[in-house]
Amino acid sequence: MTTRPDDHRRKWDKKEFERKALDRIQKVKKEEPQPETSRELLKVRDYKVDLDSKLGKSMVINKTTPSSQSGGYFCNVCDCVVKDSINFLDHINGKKHQRNLGMSMKVERSSLEQVKERFNKNKRRQDDKVKEYDLDQKIKEVQEMEEKAKELKREKKKRKKEDTDTSNDCAFDEDMMKMMGFGNFGGSRKNN
């Protein structure tokens, strides 16, 4: 810092301070190489999150109940309890939980080949879905269903016809009983 007696403001020598800053940076680099905290890149969860196991169940909680068994969802990685499922999902997808698992919030950058492979895989899946819907096969299935419906209708008609035939037999039996002199066998209360 240089000042003149007639000027009351400070004047800074920029070149000198730049040189001092560069010297300090080089000194820190030489003294202590700082290890980079290498965290794993973010990856897909390989387990199913259990949100339904405690659903609809009641529990007795008192002062001596451990936090892992108290009400809510317990995260054993972070050793905390979250009160509802939405907040639990936010927690396990959050930065603090991922950091405790040893992952950074960075995602692996896909290469051109990986993207092309994913497009081909999705295209094959769509083609399989289109092949599953075969028009000829659907027409055959519909025709078979119609034939079964017709057959059921025919069987219903046959049963109805047989029922009417048996009722005629009963009428014949009644006529025969009257001719023979029987009124009835005492089972029914018909008044003729």
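Caption draft 1: Inspection of the side chain of histidine 97 at higher detail. Mapped onto the elements of the fold, histidine 97 is located in helix H3 (residues 95-101). Within the structure, the side chain of histidine 97 is placed 3.5 Å from the side chain of histidine 91, a separation counted as a polar contact. Other than its neighbours up to four places away in sequence, histidine 97 contacts Cys75, Val77, Cys78, His91 and Ile92.

Caption draft 2: Region of the structure containing the packing of aromatic side chains. Within the structure shown, the criterion is met by 2 aromatic pairs. Ring plane angle 65 degrees and centroid distance 5.5 Å describe the contact between tryptophan 12 and phenylalanine 17, whose orientation is recorded as edge-to-face. Plain terms: the ring middles of tyrosine 73 and phenylalanine 88 are 5.4 Å apart, the flat faces sit at 25 degrees to each other, and that makes the pair stacked. With a gap of 15 residues between them, tyrosine 73 in strand S2 (residues 73-75) and phenylalanine 88 in helix H2 (residues 85-92) connect regions that are remote in the sequence. Taking relative accessible area as the criterion, tyrosine 73 reaches 18% and is therefore assigned buried. Taking the relative accessible area as the measure of exposure, phenylalanine 88 reaches 9% and is therefore buried. In this arrangement the basic side chain of lysine 20 is found over the ring face of phenylalanine 17, its NZ or CZ atom lying 5.5 Å from the centre.

Caption draft 3: Inspection of the nonpolar core at higher detail. Counting residues in each nonpolar core, the largest one holds 7 residues, listed as Val49, Tyr73, Cys75, Cys78, Val82, Phe88 and Ile92. Elements represented by at least two residues in this core include exactly S2 and H2. Apart from residues lying up to four places away in sequence, valine 49 is in contact with Phe88, Leu89 and Ile92.

The rules behind each value
- Residues numbered from 1 in each chain as written.
- Predicted model: local features only at pLDDT ≥ 70, side-chain atom pairs only at ≥ 80, totals over all residues.
- Heavy atoms only, no water.
- Helix = DSSP H or I, 4+ residues; strand = E, 2+ residues; numbered from the N terminus.
- Polar contact = N/O pair within 3.5 Å; in protein donor to acceptor, adjacent residues only side chain to side chain.
- Contact = heavy atoms within 4.5 Å.
- Phe/Tyr/Trp six-rings, centres within 6.5 Å; stacked < 30°, edge-to-face > 60°.
- Buried < 20%, exposed > 50% of the residue type's maximum accessible area, 1.4 Å probe, protein only.
- Lys NZ or Arg CZ within 6 Å of the ring centre and 35° of its normal.
- Core = buried A, V, L, I, M, F, W, Y, C linked by side-chain atoms within 4.5 Å.

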